[in-house]
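Letter by letter, the chains look like this.
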Amino acid sequence: MSLLLFVSISGCQVAAIPVATAMNLANVADEHTAGNGARILWDQQREYVRQLRAHGDPMGDYLYALGNAQGWIGDTSDPLQIRSLFEKAADEGSNDAKIVLGIFYFNGVVPSSFVGVNSIRLPDNLVDHQRGLQLIREGMRVRCTYAEPVVSAYANRAYLRYVSAASRIWPNYRDGQYRRNASGSYVTILEKDRRLEKEWHDLDTKCHISGATTE
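Residues numbered from 1 in each chain as written. Predicted model: local features only at pLDDT ≥ 70, side-chain atom pairs only at ≥ 80, totals over all residues. Heavy atoms only, no water.

Undergrad: Account for the overall build of the protein chain, with residues named and values stated.
TA: On a plain count of helices and strands, the protein chain comes out with seven helices and six strands. Each helix (α) and strand (β) of the protein chain, taken in turn from the N terminus, gives the series β-β-α-α-α-α-α-β-β-α-β-β-α. In the protein chain, which comprises 215 residues, the share counted as buried stands at 40%. Considering only intrachain contacts with a sequence separation of at least 6, the fraction spanning at least 24 residues in the protein chain is 53%. With the model as given, the accessible surface of the protein chain reaches about 12200 Å², and the carbon-plus-sulfur share is 52%. (Helix = DSSP H or I, 4+ residues; strand = E, 2+ residues; numbered from the N terminus. Buried < 20%, exposed > 50% of the residue type's maximum accessible area, 1.4 Å probe, protein only. Contact = heavy atoms within 4.5 Å. Areas by Shrake-Rupley, 256 points an atom, 1.4 Å probe, with all protein chains shown as cover.)

The structure is reproduced here in structure tokens:
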């Protein structure tokens, strides 16, 4: 026999809703509330970025570039425009922008904690591993991490998490990078390299040990 939830309607109790159904409705309501909360927090984040940019803060230009790449700001999805936005922020002194621009050059996509993003890709002919590594190494001399905004609707807060830059590099040397050509075959664009995998993995480990990350 299925358990029923007694629901009070105008002072009367009605045994009408199975417990499982009621729990499902509650979960849907929670998700709806969380979704609304997330939208509000992202609206606040976008306003925060606008204010930073209005005050000439390079962090504002960096977060603006990142937001367009990740999709929580929708002013452009053009990868070349996004690259230019990161270049502008880096030129203005944003170390985060320098590192993420380097990762963009190296991986062809901007890193993100969001599921389903990273569809914005740098054209294959502009992927430049050496340029990317140069920018990342320059940035890591200042700080081994880059900042990325995170919204937690359940905790009702938005915050910056700090991600190890090297964590975005060493798996590529472990697995290699491949691209599908016009005939549908895969071609190698970055060879597996145990030595470089270890080098960047060690940098990643040191960054975590230092306490600089908040992943």
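That was the structure; now back to the text.
Undergrad: Give a description of the pattern of salt bridges that names residues and reports values.
TA: For the structure on display, the rule yields 13 salt bridges. One salt bridge in this structure joins Lys-88 and Asp-61, with 3.0 Å as the shortest N-O distance. Taken together, the positions of Lys-88 in helix α3 (residues 79-91) and Asp-61 in helix α2 (residues 58-70) put the pair 27 residues apart, joining distant regions of the chain. Here Arg-179 makes a salt bridge to Asp-124, at a shortest N to O gap of 3.5 Å. Here the residue Arg-179 occupies a position in strand β5 (residues 177-180), and Asp-124 occupies one in the loop between α4 (95-107) and α5 (129-140), the gap between them amounting to 55 residues. Among the residues examined, Arg-179 registers a relative accessible area of 28% and is labelled partly exposed. Where salt bridges share partners, they join Arg-53, Asp-61, Lys-88 and Glu-92 into one cluster. (Salt bridge = Lys/Arg side-chain N within 4 Å of Asp/Glu carboxyl O.)

Undergrad: Could you give an account of the side chain of Asn-68, with specific residues and numbers?
TA: Examined against the element boundaries, Asn-68 turns out to sit in helix α2. A polar contact of 2.9 Å, which involves the side chain of Asn-68, links it to the backbone nitrogen of Asp-75. Contacts of Asn-68, omitting those with residues within four sequence positions, involve Ile-73, Gly-74, Asp-75, Thr-76, Ile-82, Leu-85 and Ile-120. (Polar contact = N/O pair within 3.5 Å; in protein donor to acceptor, adjacent residues only side chain to side chain.)

Undergrad: Please set out the packing of aromatic side chains residue by residue, giving values where relevant.
TA: Enumeration according to the criterion identifies four aromatic pairs in this entry. Grouping aromatic residues by their ring pairs yields a cluster made of Tyr-62, Phe-86 and Phe-104. Over the ring of Tyr-64 we find Arg-53; its NZ or CZ atom is 3.8 Å from the centre of that ring. (Phe/Tyr/Trp six-rings, centres within 6.5 Å; stacked < 30°, edge-to-face > 60°. Lys NZ or Arg CZ within 6 Å of the ring centre and 35° of its normal.)

Undergrad: For the state of the cysteines, give the residues involved together with the corresponding values.
TA: A full pass over the atoms with the stated rule returns one disulfide. In this model, Cys-144 is linked to Cys-207 through a disulfide, with the two sulfur atoms separated by 2.1 Å. Taking the torsion about the S-S bond as the criterion, the Cys-144 to Cys-207 disulfide, at about 80°, is right-handed. Residue Cys-144 is located in the loop between α5 and β3 (145-152), and its partner Cys-207 is located in helix α7 (residues 194-209); the two are separated by 63 residues in the primary sequence. Here Cys-144 falls in the buried class, since its relative accessible area comes to 16%. Using a relative accessible area of 2% as the deciding quantity, one classes Cys-207 as buried. (Disulfide = S-S within 2.5 Å.)

Undergrad: Quick rundown of the layout of surface pockets? Include the residues and the values.
TA: One number sums up the size of the largest pocket: a volume of about 150 Å³. Taken together, Asn-107, Val-109, Arg-121, Asp-124, Val-127, Asn-172, Gly-176, Gln-177, Tyr-178, Arg-179 and Ile-189 form the lining of the largest pocket. When residues in the lining of the largest pocket are grouped by element, the largest group, three residues, is from β5. Per-class residue counts for the lining of the largest pocket are four nonpolar, four polar and three charged. (1 Å grid on protein atoms, 1.4 Å probe; cavity = no way out; pocket = protein on both sides within 12 Å on 5 of 7 lines; lining within 4 Å. Points joined across faces, edges and corners; volume = space filled by probe spheres on them. Nonpolar A, V, L, I, M, F, W, Y, C, P; charged D, E, K, R; others polar.)

Undergrad: Outline the pairing of β3, supporting the account with residue identities and numerical values.
TA: The buried fraction of β3 amounts to seven of the eight residues, a majority that puts the element mostly inside the structure. Relative to strand β4 (residues 157-164), β3 runs antiparallel, the two sharing eight bridges. Looking across to β4, one finds that Thr-145 is bridged to Ser-164. (Pairing = 2+ DSSP bridges.)

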